[in-house]
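# Fold and geometry: a report
Residue-level listing of the chains:
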Amino acid sequence: MTYALCQEPWGTGVMGRRLAGPVKLRNSGESWYARLTVKPAERPLVGRSRLIRSLGTSDHSIALQRWPKAYQALQQELEQRIQKARSGELVRRQEIRERIRLVWDDDQLAPAEVVEIVTGEKLTDPQEASPLFRQAFTAYTKRRELTYSWDELVSLHAETIDRRRGEPLSRSWFKTAKQGVRRIIGISQTPERTTKSDIKELMQSMKLEGLKGKTIETQLSVLQSIVQTGIEEDVLDLAANPFRSVRFTAATREEDRFLPFDFKVQLPRVLTETRDAWIFELLCSTGMRIGELLNRSHDHLDGQMLIIGRYDKGKPKTKSSFRRVPIPKHLLAHLQELLPVSSTGAWEQRLRKQIKDLFHHRQLVIHSCRHTFKSLSRKVGMPTDISDEIDGHKKKDVSAISDHYGHYPDEVLIKWVDVVSKEIQMLIA
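Residues numbered from 1 in each chain as written. Predicted model: local features only at pLDDT ≥ 70, side-chain atom pairs only at ≥ 80, totals over all residues. Heavy atoms only, no water.

### Overview of the packing of helix α8 (residues 196–208) against helix α9 (residues 213–232)
- Orientation of α8 relative to α9, taken along the N-to-C sense of each, is 150°, at an axis distance of 11 Å. Compared by their axis directions, α8 and α9 come out roughly antiparallel. In this structure, α8 meets α9 at a crossing whose hand is right-handed. Packed against α8, whose contacting residues are Leu202, Met203, Met206 and Lys207, the element α9 presents Ile216, Gln219, Leu220 and Leu223 at the interface. (Axes fitted to C-alpha atoms, helices over the stretch in contact; angles between N-to-C directions. Helix = DSSP H or I, 4+ residues; strand = E, 2+ residues; numbered from the N terminus. Parallel < 35°, antiparallel > 145°, perpendicular 65-115°, else oblique. Left-handed = near helix turned anticlockwise from the far one by under 90°. Contact = heavy atoms within 4.5 Å.)

Rendered as structure tokens:
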């Protein structure tokens, strides 16, 4: 959250939460406070309806200056409390699941008494039974597994995909899953009871948040996948996946598409007016993604080729992204000095800011370098399958099977990247 946004106490924050600014509390004297209201769906996890932090002053102007940082700290505290509570709930659910299996054949006690023992909850009024107690009661009486929670489905899906494909899901997938789960829990806490109406309500709430169509499509697609895994693994008692009954495809709007840099003005400016011009030249010459470059080390250099593969915190975007990228010879020394990158996040922000400060155009970003490579490869007559091999795009003119039979020799890829590099030098001359 930026200071400019927080400075206005009457503004609206992320997810449509109205920012009240510094507030005074009853029976708390003249001091000002930062206050964060917890959403109703998150209150059982957090254990309270709001979080409060003193701003340590009775001066309103000073409180306004301190409020943004305090409010941000409250948001971080809320996220930590939720994550801790969910981690504890996952452990508890697994313990209850194992206990239920052990008592399935025990008919000496009434079902409610058994579930009281299994869950540790004392049932005084059936109407006050917790959702977990009700789920455990259903599991015991029907002699089936305790239904999975949304968080458990995410873990199950990740384990299943890892087993089937032999490789884990990416960090971006887990980030998307986390966002989707956080939103669906506010509408339907139990996956088995999620209906078509719930999904439509979720879509509407995401639209009201101002999320783009592609973002909504991606998050709903992830939720559909984890529910489908739950059905296939027999941990959800659903006849059909409710997400499949709702259409949520969205096309990328023209104004949201990233553009390549034009050859006459924009590309020369990128390569002559930026602090790290050589990096942008490297990206435009090879079509590499910025994350692929920054997550490399000296071990990934093989002569004039940079090997794009797994790294400590993740892996390339797709299978076709695993490749050998030729580096223009005059940029090789720069690359050796850069690698390894100590803080990839800080470097990425530094590079993004240079492009933003240069153009102030939402469609001209660092990823435009990748689009520019495609334009340059067509300009010099590079065969499509070779440009796909260099930038890691899936080849469209060959079959999926033949695509795995051999690759172009390094010499061929180096030759074509040299052609693109010479074209760039001519354009900026």
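Now, onward.
### Quick notes on the sheet that holds strand β3 (residues 301–302)
- Taken in spatial order, the three strands make up an open sheet running β3-β4-β5, and their pairing is antiparallel. Either end of the sheet is taken by a strand with one partner, and the two such strands are β3 and β5 (323–326).
- Here strand β4 (residues 305–308) runs beside β5; their pairing, made up of four bridges, is antiparallel. Along β5, the bridge assignment pairs methionine 305 with proline 326. (Pairing = 2+ DSSP bridges.)

### Some words on the pattern of salt bridges
- Under the definition given, this model contains 21 salt bridges.
- Between lysine 24 and glutamate 30 there is a salt bridge, with its nearest N and O atoms 2.9 Å apart.
- The closest approach of N and O atoms between arginine 323 and glutamate 292, which form a salt bridge, is 2.7 Å. Of this pair, arginine 323 sits in strand β5 while glutamate 292 sits in helix α12 (residues 290–294); the two residues are 31 residues apart in sequence, bridging distant segments of the chain.
- Residue arginine 323 is classed as buried on the basis of its relative accessible area, which comes to 7%.
- One network of salt bridges, with partners in common, ties together Arg163, Arg164, Glu232 and Glu233. (Salt bridge = Lys/Arg side-chain N within 4 Å of Asp/Glu carboxyl O. Buried < 20%, exposed > 50% of the residue type's maximum accessible area, 1.4 Å probe, protein only.)

### So, the packing of aromatic side chains
- Enumeration according to the criterion identifies three aromatic pairs in this entry.
- Each ring, one from tryptophan 67 and one from tyrosine 71, has its centre 5.0 Å from the other, and the planes form 35°; the classification is tilted. One end of the pair is tryptophan 67 and the other is tyrosine 71, both in helix α3 (residues 60–103) and four residues apart, which spans about a single turn.
- Owing to a relative accessible area of 1%, tryptophan 67 belongs among the buried residues under this scheme.
- Ring centres of tryptophan 173 and phenylalanine 174 lie 5.2 Å apart, and the angle between their planes is 90°; on these two criteria the pair is classed as edge-to-face.
- Over the face of the ring belonging to tryptophan 347 we find arginine 350, whose NZ or CZ atom lies 4.2 Å from the ring centre. (Phe/Tyr/Trp six-rings, centres within 6.5 Å; stacked < 30°, edge-to-face > 60°. Lys NZ or Arg CZ within 6 Å of the ring centre and 35° of its normal.)

### A few points about helix α14 (residues 344–359)
- Taking 1.5 Å of rise per residue, the 16 residues of α14 would be expected to cover 22 Å, and the 23 Å separating its terminal C-alpha atoms lies within 8% of that figure.
- By the burial criterion, the buried members of α14 are Trp347, Leu351, Gln354, Ile355, Leu358 and Phe359. All buried residues of α14 lie within an arc of 110° about the axis, which places them on one face of the element. Those residues of α14 that are exposed and aimed more than 90 degrees away from the buried face are Gln349, Lys353 and Lys356.
- Phi turns positive, to about 50°, at histidine 360, one or two residues after α14. (Expected span 1.5 Å × (residues − 1). Arc of directions from axis to C-beta.)

### Let's talk about the nonpolar core
- With 46 residues, the main nonpolar core has Met288, Leu293, Leu306, Ile327 and Leu335 as its most contacted residues.
- Beyond its immediate chain neighbours, meaning those up to four positions away, leucine 335 contacts Trp278, Leu282, Leu293, Leu301, Leu306 and Ile327.
- Counting 30 residues, the second-largest nonpolar core is a separate cluster that includes Ile185, Met203, Leu223 and Val235. (Core = buried A, V, L, I, M, F, W, Y, C linked by side-chain atoms within 4.5 Å.)

### Comments concerning helix α7 (residues 171–185)
- With 15 residues, α7 should reach 21 Å at 1.5 Å per residue; the first-to-last C-alpha distance of 21 Å fits that figure.
- Of all the positions in α7, only Trp173, Thr176, Ala177, Gly180, Val181, Arg183, Ile184 and Ile185 are classed as buried.

### Describing the side chain of serine 149
- Here serine 149 shows up in the loop between α5 (131–141) and α6 (150–165).
- Sequence-distant contacts of serine 149, defined by excluding residues within four places in its chain, comprise Leu90, Arg93 and Pro191.

### Quick notes on the packing of α7 against α9
- Direction vectors running N to C along α7 and α9 enclose 85°, while the axes themselves pass 9 Å from each other. Viewed along their axes, α7 and α9 adopt a mutual orientation that is roughly perpendicular. Packed against α7, whose contacting residues are Trp173, Thr176, Ala177, Gln179, Gly180, Val181, Arg183 and Ile184, the element α9 presents Thr218, Gln219, Val222, Leu223 and Ile226 at the interface.
- Residue composition of the contact of α7 with α9, by class: seven nonpolar, five polar and one charged. (Nonpolar A, V, L, I, M, F, W, Y, C, P; charged D, E, K, R; others polar.)

### A word on the side chain of serine 387
- Within the fold, serine 387 resides in helix α16 (residues 384–391).
- Here serine 387 falls in the buried class, since its relative accessible area comes to 3%.

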